[in-house]
Amino acid sequence: MASTVIGVILVVWTALAGWSAAQQQQQQAALPSALADEVFTIIARAVQQELRPVVVKLESQVESLDKTVRRHESRMESLDNRMTLLDSRVTELTTNILRSRQSEQMDELSSQLTGITARLDSQQSQLDSQLSQLSELNTQLNEQKSQQEETAATVNNVTAQLDTVVTQQGNQLTQLASRLDSQLSQLSELNNQLNEQKSQQVETAATVNNLTGQLDSIVTQQDQLAHTSQLATRLDSQESQLNELNIQLNEQKTTQSELSVRVGNLDNLTYQVDILGYQLTEAINNTSSQQERIDDLATKFNHLSLPRDCSGLPVDSPSGVYLLRPSDGSQQPPVEAYCDMETDGGRWTVIQRRDNIEPRQDFYLGWKDYKEGFGKVTKEFWRGLEHLFQLTSYRQYELRIDLEAFDGSQRYATYQGFRISSEEDGYQLSASDYSGTAGDSLYWSVNKKFSTRDRDQDGSSDYHCAQDHQGAWWYGGCGLSNLNGRYRDGGNVDRTGIWWWTWREYESLKKTVMKIRPT
């Protein structure tokens, strides 16, 4: 049908084209308007005749298509209904499946929560136990403190009493000494008098013996009677003198007895002083034993609470000095460390500091000093290679180095995987993944051993880098940094100073801080 219509149109088009060609050949000929109308009428009729069956057929086909469309629409409605039913069933099944899965997940989560709750309960019980232990320790410490205060008060009282007794005894001893000196002088005088009396008695005895001989010889002589009477008078006077001397001797004996009593009293005071000294010694020993118990309790408390590094401190702790225990050995005493709790998130354990601080800390030291550490943590100091080994041997750390020049400019460098090996391995440095603003001046130090002025481990047979730079460092090819060199004021260019090559080359820096924290 479509081909027929197309054929008719082609015939008409050909006729028109032929007519147009004829019109062109006849240059001044013209087709009347009536003929043109007739031609178009003929064409329209021909087209209508040709198109009528086509239209009828198209109409029938349209009706057929409408019926087909209606059938398809009914089928679509049926399919929609089925799809709706299917969607509802799928939704129901999905809901049931989700509910079953959620139930299973809830059961699993419930079991996990039960386990977590049990763990939390266990940890809570452990914390309660530790808190009770800490409370007991605190109570014991308070009791020990009160006992120590009582003991101190007793010691002070005993000391005051002892001071009073010693003062009194000193005064009494001084008085006794002066009186003894006076008595001794009197005894000396009496002794001299007794010696004189003794010499006089000897002379008198000799005289009496002579007189006796004379009396025997002149018994018959009358003229010797008067002389004998005189001798008797002298003897009476000598006897009276002897009686006086005897009285004086008795007085001296009485005085000596009194002195003996006083000396006895002095011995009694000495005994009391000895008793007070014994009591004081006992009090001091008791205080010492109590102090030992307090130290023991403090040690136990420290073992319970001291962290390895500054990352173990409570949240919001300020920067400052804290007690840490780098290793878990119970015999190792705690060490002081400076914790930076502010820079880049905090929790940094400072391991080295150089600054313009007087008096200067000498850093040109030997192996033993760098192994054990030196300086004061609030001023210039070095943490100690052995402590760094103990810290970094059980977990991974990052290193941060803060630098400051004398003009106030500041830079920093950070490294991941920071670690120090053992002394047997030369305290070798491990560091990786540089980032920061100061440049990587540890590039030649990584995997190098530590060198000091008395232990050359830089791997070079031509140089002793520690002596050349007057410092101590992980030198490789004498390195690109020397943070443990001499402190040079004013930023002088000096290979023996404190420098970081990738920032200011050999210009001496004002301040450096090395710090680490767990990653």
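All of these numbers come straight from a predicted model, not from anything done at the bench. Per chain, residue numbering runs from 1 following the sequence as it is written. Where totals are concerned, whole chains, interfaces and linings use all residues; where local detail is concerned, this predicted model gives features only for residues with pLDDT of at least 70, and gives and counts side-chain atom pairs only at 80 or more. Working from all heavy atoms in the structure, the side-chain values ignore hydrogens and water.

Participant: What is the right way to read the state of the cysteines from this model?
Facilitator: Cysteine pairs can be covalently joined through their sulfur atoms, and such a bond is termed a disulfide. In this description, a disulfide is simply a cysteine sulfur pair whose atoms lie within 2.5 Å. Per the stated rule, a full pass over the model turns up two disulfides. Sulfur-sulfur distance for the disulfide between Cys-310 and Cys-339 comes to 1.9 Å. Judged by the torsion about the S-S bond (-75°), the Cys-310/Cys-339 disulfide is left-handed. Residue Cys-310 is located in the loop between helix H3 (224-305) and strand E1 (320-324), and its partner Cys-339 is located in strand E2 (residues 335-340); the two are separated by 29 residues in the primary sequence. For the exposure calls, accessible area comes from a 1.4 Å probe over protein chains only, and a residue counts as buried if that area is under 20% of its type's maximum, exposed if over 50%, partly exposed in between. On the basis of relative accessible area, Cys-339 is assigned to the buried category, the value being 0%. Ordinal numbering of bonded cysteines along the protein defines a disulfide pattern of 1-2, 3-4. We count a stretch as a helix when DSSP gives it H or I for four or more residues in a row; a strand needs E for two or more, and each element gets its number in order from the N terminus.

Participant: Sorry, what's going on with the pattern of salt bridges here?
Facilitator: Here the idea is simple: oppositely charged side chains can pair when their charged atoms come close. Counted as salt bridges are all cases of a side-chain nitrogen of Lys or Arg within 4 Å of a carboxyl oxygen of Asp or Glu. The full count for this structure, using the stated rule, is 15 salt bridges. Its salt-bridge partner being Asp-340, residue Lys-515 comes within 2.8 Å of it at the nearest N-O pair. Residue Lys-515 is found in strand E9 (residues 511-518), and its partner Asp-340 is found in strand E2; the two are separated by 175 residues along the sequence. Looking at Lys-515, the relative accessible area reads 4%, which means it is buried. Measuring nitrogen to oxygen at the nearest pair gives 3.3 Å for the salt bridge that ties Lys-368 to Glu-372. In this pair, Lys-368 and Glu-372 are both assigned in helix H4 (residues 367-372), four residues apart and thus about one turn of the helix distant. Through salt bridges with shared partners, one network takes in Asp-340, Asp-344, Glu-398, Arg-400, Asp-402, Lys-515 and Arg-517.

Participant: What should I look at first to understand the nonpolar core in this one?
Facilitator: General note: in soluble globular proteins, nonpolar side chains tend to be found buried as a group. Side-chain atoms within 4.5 Å are what join buried Ala, Val, Leu, Ile, Met, Phe, Trp, Tyr and Cys residues into a set we call a nonpolar core. Grouped together as the largest cluster of nonpolar side chains are 42 residues, with contacts concentrated most on Tyr-370, Trp-382, Leu-399, Phe-450 and Trp-500. The set of elements that each furnish at least two residues to this core consists of H4, helix H5 (385-392), strand E6 (397-404), strand E7 (410-420), strand E8 (429-436), helix H6 (465-469) and E9. The contact criterion used throughout is that any non-hydrogen atoms of two residues lie within 4.5 Å. In this view, Phe-450 contacts Trp-367, Tyr-370, Trp-382, Leu-385, Gly-426, Tyr-427, Gln-457, Ala-472, Trp-473, Trp-474 and Asn-484; residues no more than four positions away in its chain are not counted. Leu-324, Ala-337, Cys-339 and Met-341 belong to the second-largest nonpolar core, a separate cluster that totals six residues.

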